[in-house]
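Chain by chain, the residues:
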Amino acid sequence: MVTNSHSKWGVRLGTLALWAAAGASVVYWGMRLSAPAGGVAVPVALPPPAAPDAQALARLLGGLPPVPGAAPAAPVASLSSRFQLIGVLSGRQSGGGAALIAVDGQPAKPFRLGAEVDQGLVLQALSPRQVQLGGSLQGPSTLTLDMPLKN
């Protein structure tokens, strides 16, 4: 009979030890997770947004690098047929963005808003599939180029 009472007390003490360990673990992790961070938080200053690289933009929109010594194409009678809009990248900030335009059959080049596309024509406005060209940035628009439709 003596062995039976020792056995009951052994199970009871073992169970008590397991519950005590579980409770201590809960208290430890609760205090560890609720404690504030050890260091002082320093505010981080974000760098100003960088202007896009014009040549990288041209490659992104499918433009080819200019070929040295390439002969210019013959002038075309109609002003609008001299220009082909290849791609448009609108900026988030006002005045941002660029267009990839091919002039006279030459490889396409990137032009930022306000840049001179050809003699007497400045890139005035950008929209997702269209650009407007004119004599000056604030002047009236003289030419509108649309993106070609996808096949």
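Here is a short report on the structure shown in this document. Keep in mind that this is a model prediction, so the values were computed, not measured.

Side note on the packing of aromatic side chains
- According to the stated counting rule, one finds 1 aromatic pair in the structure shown.
- The interplanar angle of 80 degrees and the centroid separation of 5.2 Å between the aromatic rings of Tyr-28 and Trp-29 together place this pair among those described as edge-to-face.
- Against the face of Trp-9 rests Arg-12, its NZ or CZ located 5.3 Å from the ring centre.

Examining the sheet that holds strand 6 (residues 130–134)
- Overall, antiparallel pairing links the 4 strands, which are arranged 4-5-6-7 in an open sheet. The sheet is open, and its two borders are formed by strand 4 (116–118) and strand 7 (141–146), each paired with just one other strand. Adjacent strand axes in the sheet meet at a mean angle of 40 degrees when their direction is disregarded.
- For strand 4 and strand 5 (residues 121–127), the ladder comprises 2 bridges, and the chain directions are antiparallel. Across the sheet, Glu-116 pairs through a bridge with Val-122, a residue of strand 5.

Looking at the pattern of salt bridges
- Per the stated rule, a full pass over the model turns up 2 salt bridges.
- Measuring nitrogen to oxygen at the nearest pair gives 2.8 Å for the salt bridge that ties Arg-82 to Asp-118. With Arg-82 in the loop between helix 2 (54–60) and strand 1 (83–90) and Asp-118 in strand 4, the pair connects residues that are 36 residues apart, well separated along the chain. Of the two residues, Arg-82 and Asp-118, neither departs from the other in class, the shared state being buried.

A word on a nonpolar patch on the surface
- Nonpolar side chains collect at one region of the surface, where Trp-9, Leu-13 and Leu-16 lie side by side and expose about 370 Å² of accessible area between them.
- With relative accessibility at 55%, the residue Leu-16 sits in the exposed group.

Concerning the sheet that holds strand 3 (residues 109–112)
- In space, the 3 strands of this open sheet follow the order 1-2-3, with antiparallel pairing throughout. Of all the strands in the sheet, just strand 1 and strand 3 have a single pairing partner and so form its edges. On average, adjacent strands in this sheet sit at an angle of 30 degrees to one another, irrespective of strand direction.
- Summarising the sheet, strand 2 (residues 97–103) and strand 3 pair through 4 bridges and their orientation is antiparallel. From the neighbouring strand, Leu-100 faces strand 3, where its bridge partner is Pro-110.

Cut-offs used in this document
- Per-chain numbering applies: the sequence of each chain, read as written, is numbered from 1 onward.
- Owing to the predicted nature of the model, reporting of local features is limited to residues with pLDDT of at least 70; listing and counting of side-chain atom pairs is limited to 80 or more, with chain, interface and lining totals taken over all residues.
- As a rule here, side-chain values come from all non-hydrogen atoms in the structure, and water together with hydrogens is ignored.
- When the centres of two rings from Phe, Tyr and Trp lie within 6.5 Å, Trp using its six-membered ring, the rings pair. Their planes under 30 degrees apart give stacked, over 60 give edge-to-face, and anything left gives tilted.
- Lysine and arginine charges are scored as sitting over a ring when NZ or CZ, respectively, is within 6 Å of the ring centre and within 35 degrees of the ring normal.
- The pairing criterion for strands is at least two bridges between them, as found by DSSP.
- Every helix listed is a DSSP run of H or I at least four residues long, and every strand listed is a run of E at least two residues long, numbered separately from the N terminus.
- Angles shown run from 0 to 180 degrees and are taken between the N-to-C directions of axes, each axis being a line fitted to C-alpha atoms and, for helices, limited to the stretch in contact.
- We define a salt bridge as a contact between a side-chain nitrogen of Lys or Arg and a carboxyl oxygen of Asp or Glu at a distance within 4 Å.
- We call a residue buried when its accessible area falls under 20% of the maximum for its residue type, exposed when it is over 50%, and partly exposed in between, using a 1.4 Å probe and counting protein chains only.
- Note that patches include only residues with greater than 30% relative accessible area and no salt bridge, and the join distances are 9 Å for like charges and 5 Å for nonpolar side chains (Val, Leu, Ile, Met, Phe, Trp, Tyr).
- Accessible areas in this description were obtained via Shrake-Rupley with a 1.4 Å probe; residue shielding takes into account the shown protein chains only.

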